[in-house]
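Remarks on the overall topology
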Amino acid sequence: MMLTRAEMRRLLVARGTEQEELFAASRTARDAHWGRKVVTRGVIELTNVCRVNCDYCPMRRDNVRENDTYFLTGDQIVDIAELIRDSGIDVILLQGGETPSVVPALEDAIPRIRQLFGGHVEILLNLGNLKRAQYARLRELGATSYILKHETSDPELHFSIRHESLETRLRCMNDLLELGFKVGTGLISSLPGQSLDSVIDDIQLAGELGVSMCSVSPFIPAPNTPMSLSPIGDNELALNVIACLRVSYPHLLIPSVSALERAGDGGQSRGLEAGANVMTVNFSRAVDQKRYLIYGKDRFVVTLDHVRGIAGKSGLELRGSVFLEENVTTGGHVR
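Everything numeric here is computed off the predicted structure, so don't read it as measured data.

Definitions and limits used
Residues numbered from 1 in each chain as written. Predicted model: local features only at pLDDT ≥ 70, side-chain atom pairs only at ≥ 80, totals over all residues. Heavy atoms only, no water. Helix = DSSP H or I, 4+ residues; strand = E, 2+ residues; numbered from the N terminus. Rg over C-alpha atoms; globule rule 2.2 N^0.38 Å. Buried < 20%, exposed > 50% of the residue type's maximum accessible area, 1.4 Å probe, protein only. Contact = heavy atoms within 4.5 Å. Areas by Shrake-Rupley, 256 points an atom, 1.4 Å probe, with all protein chains shown as cover. Lys, Arg positive; Asp, Glu negative; His and termini not counted. Charge placed at Lys NZ, Arg CZ, Asp CG, Glu CD. Salt bridge = Lys/Arg side-chain N within 4 Å of Asp/Glu carboxyl O. Expected span 1.5 Å × (residues − 1). Arc of directions from axis to C-beta. Polar contact = N/O pair within 3.5 Å; in protein donor to acceptor, adjacent residues only side chain to side chain.

1. A closer look at the overall build of the chain
Summing up its helical and strand segments, the chain has 14 helices and eight strands in all. A compact globule built from 335 residues should have a C-alpha radius of gyration of about 20 Å, and the chain, at 19 Å, falls within 12% of that. Dimensions of the chain, computed from C-alpha atoms along their principal axes, come out at roughly 50 × 45 × 35 Å. Put simply, the chain has 335 residues, and 59% of those count as buried. The long-range share in the chain, meaning contacts at least 24 apart out of those at least 6 apart in sequence, stands at 77%. Of the accessible surface of the chain, which amounts to about 13,400 Å², a share of 50% is contributed by carbon and sulfur atoms. When the 37 positive and 42 negative side-chain charges of the chain are each reduced to one mean point, those points stand 2 Å apart.

What follows is the structure, encoded as structure tokens:
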């Protein structure tokens, strides 16, 4: 059921009984399309070096010299992927700061990860804007899906906080779709200067882009950034965005992100209550978890036990990649 803008405007600020009814409708839409299951991913954080200077991120370009920087080698990536495989997870999320410097290690690691899983693995990348030829090379090697968050659909706000154009971001997304990737986008809610209508634009953009995934993260002010003194994002708004996304686009994979836990205790559990159906377990080395300053040093690190606990509390079962299952069902071939 595609919500109108007027309905979204009302539901995004819903609280109490009206919010509970929204969440119930969202869970019904999720369960009807996906069943009572949560897709589980294992993430490896490749580097904390970034060429972009986003005002909200402690790993921004201006901070690189001050940070304890690192790059994983191909061998290190494969070793961690083996731990993910042994945990029964078949979605490997490889993410890092936005820099083409990670590509050589990935060119080494991706074919070896596919071999490690006997080909039955979804390799999901989250590496920002790259050249189309680099995307094509990673696809050829066996990467199957890609997350490229638009963050905000407001072109002026996007440029003011990321210092790069929304147009460039969307062009990269189009490249990924044309190359055959399953693509995910994502937005930050409660950004300073963001209007409710802009959030509605975000929701509608997710439907218009033809993507398979969309995340919602409440804004988290981080130390050593230009936005460090801005107020923390409203979890309730983020949860309502998840629910509106789910009701409007039941087919989307929507994660319950760690930022929900950072912004409010029990936030990820409430994300599942609002209709999310993906969770990501952090398998990065302990030393790298401390250096990957996505929200500062006080980030919430998601463990497999945490995911099992809140999924069980919500009456949901953990499951593997939906895209691998889809490929088997359609008789498709993933290289």
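2. A few points about the environment of G35
Tracing the sequence through the fold places G35 in the loop between α2 (16-34) and β1 (37-45). For G35, a relative accessible area of 22% translates into the label partly exposed. Through-space distance from the C-alpha of G35 to that of E107 is 35 Å; in sequence the pair is 72 residues apart.

3. What to know about the pattern of salt bridges
According to the stated counting rule, one finds 27 salt bridges in the structure shown. Where R132 meets D175, a salt bridge forms, and the shortest distance between an N and an O atom there is 2.9 Å. Placement of R132 in helix α5 (residues 132-141) and of D175 in helix α7 (residues 166-178) is noted, with a sequence separation of 43 residues between them. Judged by relative accessible area, which is 35%, R132 ranks as partly exposed.

4. Concerning α2
In this model α2 runs 27 Å from its N-terminal to its C-terminal C-alpha over 19 residues, within 8% of the 27 Å that 1.5 Å per residue would give. Restricting attention to buried positions, one finds in α2 the residues Q19, L22, F23, S26, A29, R30 and W34. Along the axis of α2, the buried positions cluster into a sector of 120°, meaning they face one direction only. With respect to the buried face of α2, the exposed residues turned more than 90 degrees away are T17, E20, E21, T28 and A32.

5. Focus: the side chain of N126
Inspection of the secondary structure assignment puts N126 in strand β3 (residues 122-126). The exposure class of N126 is buried, given its relative accessible area of 16%. Looking at N126, its side chain comes within polar contact range of the side chain of Q95, at 3.3 Å. If near-sequence neighbours (up to four positions away) are discounted, N126 is found in contact with L93, L94, Q95, G96 and I147.

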